[in-house]
Amino acid sequence: MDAYGRVIDYLRISVTDRCNERCLYCMPEGYKGWARKADHLTAQEIVQVVAATCEMGFRKFRLTGGEPLLRPDIVEIARSIWELTGVQALGISTNGTRLAACARELKQAGVRSVNISLDALTPSVYRKITGGDISAVLQGIDAARDAGFETVKLNCVLMRGVNETEILPLLRFAGEHGMPLRFIELMPLTRQDVLREDSFFPIGDAKQLIDEEYGELVPEPSYRPGHGPARYYRVEATGGRVGFIGALTTPDFCGTCNKLRLTADGKLRPCLGRHGEIDLMPALRRDGDLLESVREAILNKPENHEFSGCYEPGRPMTAIGG
Ligand code: SAM
Ligand code: SF4
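As a starting point, this report considers the structure included with it. (Residues numbered from 1 in each chain as written. Chains lettered and ligands numbered in written order. Predicted model: local features only at pLDDT ≥ 70, side-chain atom pairs only at ≥ 80, totals over all residues. Heavy atoms only, no water.)

1. A closer look at the site of ligand 2
Phase 1: The local shell around ligand 2 consists of Cys 19, Glu 21, Cys 23, Tyr 25, Cys 26, Gly 66 and Asn 95.
Phase 2: Considered class by class, the residues forming the shell around ligand 2 number 4 nonpolar, 2 polar and 1 charged. (Near = heavy atom within 4 Å. Nonpolar A, V, L, I, M, F, W, Y, C, P; charged D, E, K, R; others polar.)

2. Let's talk about the sheet that holds strand S1 (residues 10-14)
Phase 1: As summarised here, the arrangement of the 12 strands in space is S7-S8-S9-S6-S5-S4-S3-S2-S1-S10-S11-S12, forming an open sheet in which the pairing is mixed. The two strands at the open ends of the sheet, each matched to only one other strand, are strand S7 (218-219) and strand S12 (278-279).
Phase 2: Bridge analysis of strand S5 (residues 151-158) against strand S6 (residues 181-185) gives 5 bridges, and the strand direction is parallel. Residue pairing in the sheet places Val 157 in a bridge with Ile 184 of S6.
Phase 3: Helix-sheet contacts for helix H7 (residues 203-214) involve S5, S6, strand S8 (231-235) and strand S9 (240-245), and the interaxial angle to S9 is about 160°. (Pairing = 2+ DSSP bridges. Helix = DSSP H or I, 4+ residues; strand = E, 2+ residues; numbered from the N terminus. Contact = heavy atoms within 4.5 Å. Axes fitted to C-alpha atoms, helices over the stretch in contact; angles between N-to-C directions.)

3. Re the packing of helix H1 (residues 43-55) against helix H9 (residues 290-299)
Phase 1: The geometry of H1 relative to H9 is characterised by a closest axis approach of 9 Å and an angle of 65° between their N-to-C directions. As summarised for this structure, H1 and H9 are arranged roughly perpendicular, according to the angle between their axes. Relative to H9, H1 is oriented so that their crossing is right-handed. Here H1 contributes Gln 48, Val 49, Ala 52, Thr 53 and Glu 55 to the contact with H9, which in turn contributes Leu 290, Leu 291 and Val 294. (Parallel < 35°, antiparallel > 145°, perpendicular 65-115°, else oblique. Left-handed = near helix turned anticlockwise from the far one by under 90°.)

4. Overview of the pairing of strand S2 (residues 60-64)
Phase 1: Counting buried positions along S2 yields 5 of 5 residues, so the element is predominantly enclosed.
Phase 2: Regarding topology, H1 serves as the crossover connection from S1 to the parallel S2, and that connection is right-handed.
Phase 3: In this structure, S2 lies alongside strand S3 (residues 89-94), joined through 4 bridges in parallel fashion. Looking at the pairing, Phe 61 lines up with Leu 90 of S3.
Phase 4: Remark: the S2/helix H2 (residues 74-82)/S3 crossover connection has right-handed handedness. (Buried < 20%, exposed > 50% of the residue type's maximum accessible area, 1.4 Å probe, protein only. Right-handed = clockwise from strand over helix to strand, strands pointing away.)

5. Section: the packing of aromatic side chains
Phase 1: Scanning the entire structure with this criterion turns up 4 aromatic pairs.
Phase 2: With a centroid separation of 4.9 Å and an interplanar angle of 80°, the aromatic rings of Tyr 31 and Trp 34 are classed as edge-to-face.
Phase 3: For Tyr 31, a relative accessible area of 17% corresponds to the buried category.
Phase 4: Seen in terms of ring centroids, Tyr 233 and Phe 244 are 5.7 Å apart; in terms of plane orientation they differ by 70°. Their pairing is edge-to-face. Separated by 11 residues along the polypeptide, Tyr 233 in strand S8 and Phe 244 in strand S9 bring together distant segments of the chain. The exposure classification of Tyr 233 matches that of Phe 244, with both residues buried.
Phase 5: Taken together, the aromatic side chains of Phe 183, Tyr 233 and Phe 244 make up a single cluster linked through ring pairs.
Phase 6: Sitting over the face of the ring of Tyr 223, Arg 241 holds its NZ or CZ atom 3.9 Å from the ring centroid. (Phe/Tyr/Trp six-rings, centres within 6.5 Å; stacked < 30°, edge-to-face > 60°. Lys NZ or Arg CZ within 6 Å of the ring centre and 35° of its normal.)

So this is what it looks like as structure tokens:
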């Protein structure tokens, strides 16, 4: 339990800060702040950290990045985590571009849920946001559905003037394929010019758009696939489910926060929207006390993020881990 009475039992593990896409909101153009490969945690070190958090009562884990599927040993990392005593849930967040080749292996290794970023269905809009090719992602989504994961969810970051016209097509697509879709408010985690006030599209506006098209959404407070902060609704007309992650506009968004983040270069980050990090490298590479470092990170978890002020990220989302 942290200083505010929240149970912290969820670790999001960034396995790399590298990515094969260049999403506007995640990786600033021309970004060159990559961690040296030698400073990336090895597979064994990642598993050591996960084992330490298990000892501290963590039960839910998600592999992320950067793009986690760029790591050649990702299946091995997943398998080693799943085999640890105490691990109850293991998921992965991916841009989906490389998922077709490894969905089955990930499932066999123990991954239970897959979150796939899909900010648009129109290929040109998808390319404008990510720099990538949507056809590889659509193949990845098919492969994930065929592989039989417990859940395959879609994630869409909302940007005004960029993808609000994709909201209803994405909702239809997700509904037709029986996948929950989550709309995420843009957080200030890249360069300021991408985050101009007029790029922000609140989840309330997305919800209203859906209400107008399909009738009022039905709240489903007990539906919680994965362990994240989304609040879900049922779209009665389609039978589909839609979630909203509104870090900036949801009152008391942080009140139910249950997680720490592990960066690819071995820092535990108590909060995505605050600068503090606890360096695990001394414990991992110079014989320090790993459990004590995890305890320190839990105790250092702040009550709230600082996104609402003039927050400037010390490093972009791709380097922190989504
Ligand atoms: N590459 C993988 C992917 O795209 O899903 C995993 C890492 S990515 C950083 C994890 C999630 O963070 C994605 O759903 C992405 O859309 C989201 N994300 C990245 N930057 C964001 C931002 N500035 N605001 C809100 N969500 C963001
Ligand atoms: Fe890469 Fe994911 Fe960031 Fe896009 S959101 S640049 S796919 S890490």
